[in-house]
Amino acid sequence: MMGSSHALSGAAVWLAGSLVLDQLADFHQTPLQLAVGTAICAGGALLPDLDLSGRVTTRQGGATVAHTFGVLTLFLAEVVEKFSLGVYRLTRLKHDPRRRNGHRTLTHTIVFNVGVGYGTLALCNAFGKWAVMGVLFFAFAMALRGLFERWAERAGWLIVTLAAAAAAYLVYERLPGDRGYPLLGMAVGVGGLIHLAGDMITRHGSPIFWPIPTGRRLWRNIGLPHSVALTAGDKTETVVLRIVFTTVAIFAGAMLVAPVLLDRFNISV
C-alpha cells in the first residue's frame with residue numbers, strides 16, 4: 001500500500017477502536033487525547049516502510065516516511081534497509097529466496113512492531129518529559145507526511161519539521177500524564193500492525209511470523225491469493241479504500257466528540 005493509505009488506515013482504526021472502547025468498556029478520552037492517539041497511530045502506520053530507502057544525495061525514491069526529515073530520514077532509511085537485509089541474510093533458510101534489498105523483511109514482522117510499541121512505552125516511562133516530546137515530534141511529523149502528503153511535498157521537510165515540533169510542544173503542555181503517556185506506545189505499535197495488515201492485502205504480503213518457520217521457510221510472505229489481492233497504487237486502493245478509511249474516521253470521530261461538545265454547550269438531544 002501507498003504511504004497515504006497506510007496513514008489513513010491507522011487513523012481510521014484508532015478512531016474506530018476508541019469508539020468501541022468508549023461504548024463497550026466505558027473508556028472515555030478527551031478530544032485532545034483522541035487527536036494525539038489518532039495522529040500517532042497514523043504516523044506509526046508509516047514506520048515499517050522506513051526500510052525502503054532511496055537515493056540520499058538526490059532525494060529521490062524511498063517510501064513516504066523516508067522523506068519526513070529530508071536527507072536525514074533518507075539516510076536513516078538506507079541504514080534500516082541495509083540492517084534489515086543483513087538480518088535476512090543471516091537468518092534465511094535454504095528455501096528462502098536470495099534478496100538484494102531489505103524492504104518488507106525485518107520491519108514488516110509482528111515481533112518488530114510489537115517491540116517498537118513496547119520500546120516506546122518503556123522509553124517514555126524511563127525518561128519522562130523529553131522522551132514523550134520526542135515521540136510526539138517524530139510521530140506527528142510522520143503523520144503530517146502521510147495524511148497530508150501533497151501539502152508536505154509542497155511545504156518541504158523543514159516546514160513539516162517545524163509544524164511537528166510546535167504541535168509536540170503544545171500537546172505535551174496539555175496532555176494529562178495518567179492517560180496520554182501509556183497510550184503512546186500502544187498507538188505506535190498498533191499503527192505498525194495496521195501497516196502489516198495493509199500490506200497483507202497486496203500481492204507481495206509480509207513475513208509477519210518471523211522468526212517462526214512456516215513450512216521450510218523462515219521469511220514466508222503471508223497475504224491474500226494473487227487472484228484477489230490488490231496491486232499497490234491501483235484505483236481500488238487510492239480511491240475505494242481511501243474513501244472507506246476516511247468515512248470510518250469521520251464517523252467514529254464525530255461519534256466520539258459529539259457528546260463532549262453537546263455537554264460543553266449544554267445542548268440536550
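These notes cover the structure that comes with them. Treat the numbers as computed from the prediction; the structure is a model and nothing was measured.

## What to know about the overall build of the protein chain
Part 1 of the reasoning: Along the protein chain, the regular secondary structure elements total nine helices and two strands.
Part 2 of the reasoning: Counting from the amino terminus, helix and strand elements in the protein chain follow one another as α-α-β-β-α-α-α-α-α-α-α.
Part 3 of the reasoning: Relative to its length of 269 residues, the protein chain is compact, with a C-alpha radius of gyration of 19 Å against a globular reference of 18 Å.
Part 4 of the reasoning: Judged by the C-alpha coordinates and their principal axes, the protein chain covers about 65 × 40 × 35 Å.
Part 5 of the reasoning: Considering the protein chain as a whole, with its 269 residues, one finds that 45% of them fall into the buried category.
Part 6 of the reasoning: In the protein chain, the share of contacts with a sequence separation of at least 24, taken over all contacts with a separation of at least 6, comes to 69%.
Part 7 of the reasoning: When the accessible surface of the protein chain is split by element, carbon and sulfur atoms take 68% of a total near 14000 Å².

## Thoughts on the layout of surface pockets
Rolled over the atoms, a probe as big as a water molecule pinpoints where empty space is left.
Part 1 of the reasoning: Size it by volume and the largest pocket reaches roughly 360 Å³.
Part 2 of the reasoning: Along the walls of the largest pocket sit 16 residues, with Leu47, Leu50, Leu76, Phe138 and Met142 positioned nearest its centre.
Part 3 of the reasoning: If you list the elements that add at least two residues to the lining of the largest pocket, you get helix H2 (31-44), helix H3 (71-91), helix H4 (110-127) and helix H5 (129-147).
Part 4 of the reasoning: Considering each element in turn, the lining of the largest pocket owes the most residues, four residues, to H5.
Part 5 of the reasoning: Broken down by class, the residue content of the lining of the largest pocket amounts to 13 nonpolar, three polar and no charged.

## Some points on the nonpolar core
Part 1 of the reasoning: One finds Val36, Ile40, Leu136, Phe140 and Leu184 to be the most contacted residues of the largest nonpolar core, which totals 41 residues.
Part 2 of the reasoning: Contributions of two or more residues to this core are made by helix H1 (3-24), H2, H3, H5, helix H7 (157-174) and helix H8 (177-200).
Part 3 of the reasoning: Of the residues forming this core, the biggest block, 11 residues, is contributed by H5.
Part 4 of the reasoning: Core analysis: the second largest hydrophobic core is formed by 11 residues, Met1, Ala12, Leu34 and Leu256 among them.

## Re the packing of H5 against H7
Part 1 of the reasoning: Packing of H5 against H7 brings their axes to within 8 Å, and their N-to-C directions diverge by 135°. Accordingly, the angle class assigned to the pair H5 and H7 is oblique. For H5 against H7, the interelement crossing comes out right-handed. Seen from H5, the contacting residues are Lys129, Val132, Met133, Leu136, Phe137, Phe140, Ala141, Leu144 and Arg145; seen from H7, they are Trp157, Val160, Thr161, Ala163, Ala164, Ala165, Ala167, Ala168, Tyr169, Val171 and Tyr172.
Part 2 of the reasoning: Tallied by class, the residues present in the contact of H5 with H7 amount to 17 nonpolar, one polar and two charged.

The rules behind these values
Residues numbered from 1 in each chain as written. Predicted model: local features only at pLDDT ≥ 70, side-chain atom pairs only at ≥ 80, totals over all residues. Heavy atoms only, no water. Helix = DSSP H or I, 4+ residues; strand = E, 2+ residues; numbered from the N terminus. Rg over C-alpha atoms; globule rule 2.2 N^0.38 Å. Buried < 20%, exposed > 50% of the residue type's maximum accessible area, 1.4 Å probe, protein only. Contact = heavy atoms within 4.5 Å. Areas by Shrake-Rupley, 256 points an atom, 1.4 Å probe, with all protein chains shown as cover. 1 Å grid on protein atoms, 1.4 Å probe; cavity = no way out; pocket = protein on both sides within 12 Å on 5 of 7 lines; lining within 4 Å. Points joined across faces, edges and corners; volume = space filled by probe spheres on them. Nonpolar A, V, L, I, M, F, W, Y, C, P; charged D, E, K, R; others polar. Core = buried A, V, L, I, M, F, W, Y, C linked by side-chain atoms within 4.5 Å. Axes fitted to C-alpha atoms, helices over the stretch in contact; angles between N-to-C directions. Parallel < 35°, antiparallel > 145°, perpendicular 65-115°, else oblique. Left-handed = near helix turned anticlockwise from the far one by under 90°.

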